[in-house]
Amino acid sequence: MTASIETTTAATEAPTTGTTPVVGAGEEFARLHPTALEVGPNVRDEVDTDSDEFRAVVASIIEHGVLLPILARRDGDQVVVIDGQVRTLAALEAGVDSVPVLIRPTASKAKDREIERLTQQVNTNDRRIPLTDGQRAKAVTAMFELGLSATKIAKTMQYDNRDTAKAAGTAGRSQTALDALDAGQLDLEQAAVVAVFDADGDTEAVERLLDAGSWFHSVAQELIADRAERKARAEAGTPYAEKGVTVLEEEPDYDSPYVAAEDLVTADGDPVTDAVIDGAAEHWAVWLTADEQITLTATGEVIESESIDWATEGAPKAVATDGYHHHKDVTVAQVWVPEYFTADPDAAGVKLGPILAAASSEPDEADDQAAAERKAREKKAAQAALAAKEAEKATRRRTVALNKASAAATIVRKEWLTKFLTRKTLPKGAGKWITETLVDEPGLLTENKAPQYLTELLGVTVPADTSPSAGYPGVADKAARRALAPTIDKASETRAQVILLAQILAAYEARVSGKGNDSWRRTSWGNQDNYLGFLDQHGHVLTVVEQAAAGMLTPEQAYDALTAPNEDNAADQ
């Protein structure tokens, strides 16, 4: 079949330089229907038309047409493809009307023609250098800058979804991220995260991410939370800054030049008050600590969490235990607690308090032995008191750091679980693990709102309950089970086994994260090692705070690992 739409032939001479390109001497350019081409022998002796790669070529041709001319030669009345076998087959499947073809002259002898074919086919395939992922991402960034939508870019670049296009566009803004992407150090999603911090000039965060290895997602989540907290702290610090007080970005430690207001007194020996600080604001600094404050909604009275009957959470019609508050009657809010410091007590109009003064006192030559011994005892006691106070602060810092790391790890762990539980069959060894777990803890599935966690991990929506029984204990769990029923009904036998595994994992997750971020404290309670150990065996890399929750590390060891230099952490991974 000959279906030439347009043909240009250069019969006598090679092209000259200029703005209008022409074909070479003896060459012919044509637009032909793909059925007009004969796919002859090829060194690529097989094309898998069911492969993802071939389907991608078909999709590209449907969207853009054939962009590169197919190289061919004439053999009698036939136009035989030399280079472009895949493009030709894909064009046929795509149903396009025409493809560009460059028809080149060929040797007269059959043997010479075959040598030419083999040489050209090998060289054209070997000499193709594909774009790197970084180069593709940079092109996507340029497309965004030209106003192309994420949907259009995803279709053009044959990405699975708009989010992939957005990730590529973000990654393309950072050469550091692109270099790591092309080196195989990061995937596209990770490169996009690095690019965001790089754009903010946060070199420390970029270094941590590049060194994070298999902990990348957890480190990224921690950094995102830290950035949000710094922003919130800066906003909370505005009223202090307006008064002239320096708002600190880091908490002063024991060897900093700052002295805490609680360790100081006025010239008259009185405690340092807000009025004293306001009177010399330029000589004071403040560190703001995020804390959770629980108040009675009706009166605003601050109460302790231990006074709440937590079993009433999510069950407004439940009756609280005598002497405890119902969860519906309290308000939980984040507050910023100020702690004041000064690096120049004299300028601030204050002096060292009794304990700090005693701890830093030196012997007086005028003292008799009894006075000297008394002062030595006082100094020793004061130093012990300061050491105990510093130890208490260190414990608080450790708790804050581990709680933050635990919150980040929970987000990443749930994301991993959600993907892991989309599988159709049980992973190896899971059947025996399920049996052993249920024999050991038969009540596991009925505690800690496990059904509600199961709907979350399986992506099942639970309709709002507007019935008269809504709010009573156990009703939310029943609603979750009803919502799960259709998913279970349509599951295959093997998928139903996966859902059973999901039930157990959801129950454990409810136990680990359902009451807060301090699972790292409970190294021997709740069988957390069974849960986290299972996740570890099946691909979820445990963070140090999860290792503490599983009893593999002590909280002190986990904190040391979190606060160690980045290069040490990277080496441990």
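Residues numbered from 1 in each chain as written. Predicted model: local features only at pLDDT ≥ 70, side-chain atom pairs only at ≥ 80, totals over all residues. Heavy atoms only, no water.

Participant: Which residues make up the overall build of the protein, and what values do they have?
Facilitator: Scanning the protein from terminus to terminus reveals 23 helices and 15 strands. Principal-axis analysis of the C-alpha atoms places the extent of the protein at approximately 120 × 60 × 40 Å. Expressed as a percentage of its 573 residues, the buried residues of the protein come to 37%. The contacts of the protein with a sequence gap of at least 6 include a subset with a gap of at least 24, amounting to 69%. When the accessible surface of the protein is totalled, it reaches about 32,300 Å², and 52% of it is carbon and sulfur. Averaging the coordinates of the 57 positive side-chain charges in the protein and doing the same for the 93 negative ones gives two points 7 Å apart. (Helix = DSSP H or I, 4+ residues; strand = E, 2+ residues; numbered from the N terminus. Buried < 20%, exposed > 50% of the residue type's maximum accessible area, 1.4 Å probe, protein only. Contact = heavy atoms within 4.5 Å. Areas by Shrake-Rupley, 256 points an atom, 1.4 Å probe, with all protein chains shown as cover. Lys, Arg positive; Asp, Glu negative; His and termini not counted. Charge placed at Lys NZ, Arg CZ, Asp CG, Glu CD.)

Participant: Account for the pairing of strand β10 (residues 285-296), with residues named and values stated.
Facilitator: As paired elements, strand β7 (residues 246-247) and β10 share 2 bridges and run parallel to each other. Its bridge partner lying in β10, V247 is registered against V286. The pairing of β10 with strand β11 (residues 302-303) spans 2 bridges and is classified as antiparallel. Paired with T295 across the strands is V302, a residue of β11. Between β10 and β11, which follow one another and run antiparallel, lie 5 residues, and G300 among them has a positive phi close to 80°. (Pairing = 2+ DSSP bridges.)

Participant: Hey, could you go over helix α6 (residues 162-171) for me, with residue numbers and the actual values?
Facilitator: Those residues of α6 not exposed but buried are A165, A167, A168, G169 and A171. On the buried face of α6, the contacting elements are α4 (133-145), α5 (150-157), α7 (175-182) and α8 (188-199).

Participant: So what about the environment of A407? Which residues, and what values?
Facilitator: For A407, the position within the fold is in helix α15 (residues 369-420). Separated by 186 residues in sequence, A407 and Q221 place their C-alpha atoms 8.8 Å apart.

Participant: Lay out the side chain of H326 in plain terms, naming residues and giving numbers.
Facilitator: Looking at where H326 falls in the secondary structure, it is placed in strand β13 (residues 325-326). In terms of polar contacts, H326 uses its side chain to reach the backbone carbonyl oxygen of P316, at 3.4 Å. A polar side-chain atom of H326 sits 3.0 Å from the main-chain amide nitrogen of K328. Ignoring any residue separated from it by four or fewer positions in sequence, one finds H326 in contact with T312, A315, P316, A318 and A320. (Polar contact = N/O pair within 3.5 Å; in protein donor to acceptor, adjacent residues only side chain to side chain.)

Participant: So what's going on with the packing of aromatic side chains? Residues and values would help.
Facilitator: Throughout the structure, instances matching the rule amount to 6 aromatic pairs. Seen in terms of ring centroids, Y508 and Y531 are 5.3 Å apart; in terms of plane orientation they differ by 20°. Their pairing is stacked. With a gap of 23 residues between them, Y508 in helix α19 (residues 493-513) and Y531 in helix α20 (residues 528-537) connect regions that are remote in the sequence. Grouping residues by exposure puts Y508 and Y531 together as buried. In this structure an aromatic cluster arises from ring pairing among W433, Y508, Y531 and F534. Above the plane of the ring of F197 lies R227, whose end atom (NZ or CZ) is 4.8 Å from the centre. (Phe/Tyr/Trp six-rings, centres within 6.5 Å; stacked < 30°, edge-to-face > 60°. Lys NZ or Arg CZ within 6 Å of the ring centre and 35° of its normal.)

Participant: Could you give an account of the side chain of T437, naming the residues involved and the relevant values?
Facilitator: Tracing the backbone shows T437 in helix α16 (residues 430-440). A polar contact of 3.1 Å, which involves the side chain of T437, links it to the side chain of N530. In contact with T437, other than residues within four places in its own chain, are L444, I504, Y508 and N530.

Participant: I'd like to hear about the pairing of strand β6 (residues 99-103), residue by residue, with values.
Facilitator: Counting buried residues in β6 gives 4 out of 5 residues, a clear majority hidden from the surface. Sheet analysis places strand β2 (residues 28-32) next to β6, joined by 5 bridges and oriented antiparallel. Paired with F29 across the two strands is L102, which belongs to β6. Relative to β6, strand β4 (residues 70-75) runs parallel, the two sharing 3 bridges. Within β6, the residue paired with I70 across the bridge is V101.

Participant: Account for the environment of K393, naming residues and giving values.
Facilitator: Inspection of the secondary structure assignment puts K393 in helix α15. In this structure the C-alpha to C-alpha distance between K393 and D253, which are 140 residues apart in sequence, comes to 9.2 Å. Apart from the residues lying within four places of it in its own chain, the contact partners of K393 are A260, E262 and E339.

Participant: Would you mind going over the confidence of the model for the protein in detail, with residue names and values included?
Facilitator: Overall, the predicted model of the protein reaches an average pLDDT of 87, with 91% of residues at or above 70. Every residue in residues 1-21 scores below 50 in pLDDT, and together they form 39 contacts with partners more than four places removed in sequence or on other chains. Overall, residues 566-573 carries pLDDT values under 50, and its contacts beyond four positions in sequence, including any with other chains, amount to 13 contacts. (pLDDT = per-residue confidence, 0-100.)

Participant: Just give me the short version of a negative patch on the surface, but keep the residues and values in it.
Facilitator: Together, E46, D48, D50, D52 and E53 make up a negatively charged patch on the protein surface. Residue placement: E46 occurs in the loop between β3 (37-39) and α1 (52-64). Looking at E46, the relative accessible area reads 65%, which means it is exposed. (Patch = residues over 30% accessible without salt bridge, like charges linked within 9 Å, V, L, I, M, F, W, Y side chains within 5 Å. Salt bridge = Lys/Arg side-chain N within 4 Å of Asp/Glu carboxyl O.)

Participant: Could you give me a rundown of the pattern of salt bridges, with the residues and numbers involved?
Facilitator: Considering all chains together, one arrives at 27 salt bridges under this definition. E63 is the partner of K155 in a salt bridge, and the nearest nitrogen-oxygen pair spans 3.5 Å. Taken together, the residues K155 in helix α5 and E63 in helix α1 connect sequence positions 92 residues apart. On the basis of relative accessible area, K155 is assigned to the exposed category, the value being 53%. Here R398 ties to E556 by a salt bridge, and the two come within 3.3 Å at their closest N and O atoms. With a gap of 158 residues between them, R398 in helix α15 and E556 in helix α22 (residues 555-563) connect regions that are remote in the sequence. Residue E556 is classed as partly exposed on the basis of its relative accessible area of 40%.

Participant: Just give me the short version of the packing of α4 against α5, but keep the residues and values in it.
Facilitator: Relative orientation of the contacting elements α4 and α5 amounts to 145°, with a least axis distance of 10 Å. As α4 packs across α5, the resulting crossing turns out to be right-handed. On the side of α4, the interface is formed by R136, V140, M143 and F144, while α5 contributes A150, I153 and M157. Looking at the contact of α4 with α5, its residues break down into 6 nonpolar, no polar and 1 charged. (Axes fitted to C-alpha atoms, helices over the stretch in contact; angles between N-to-C directions. Left-handed = near helix turned anticlockwise from the far one by under 90°. Nonpolar A, V, L, I, M, F, W, Y, C, P; charged D, E, K, R; others polar.)

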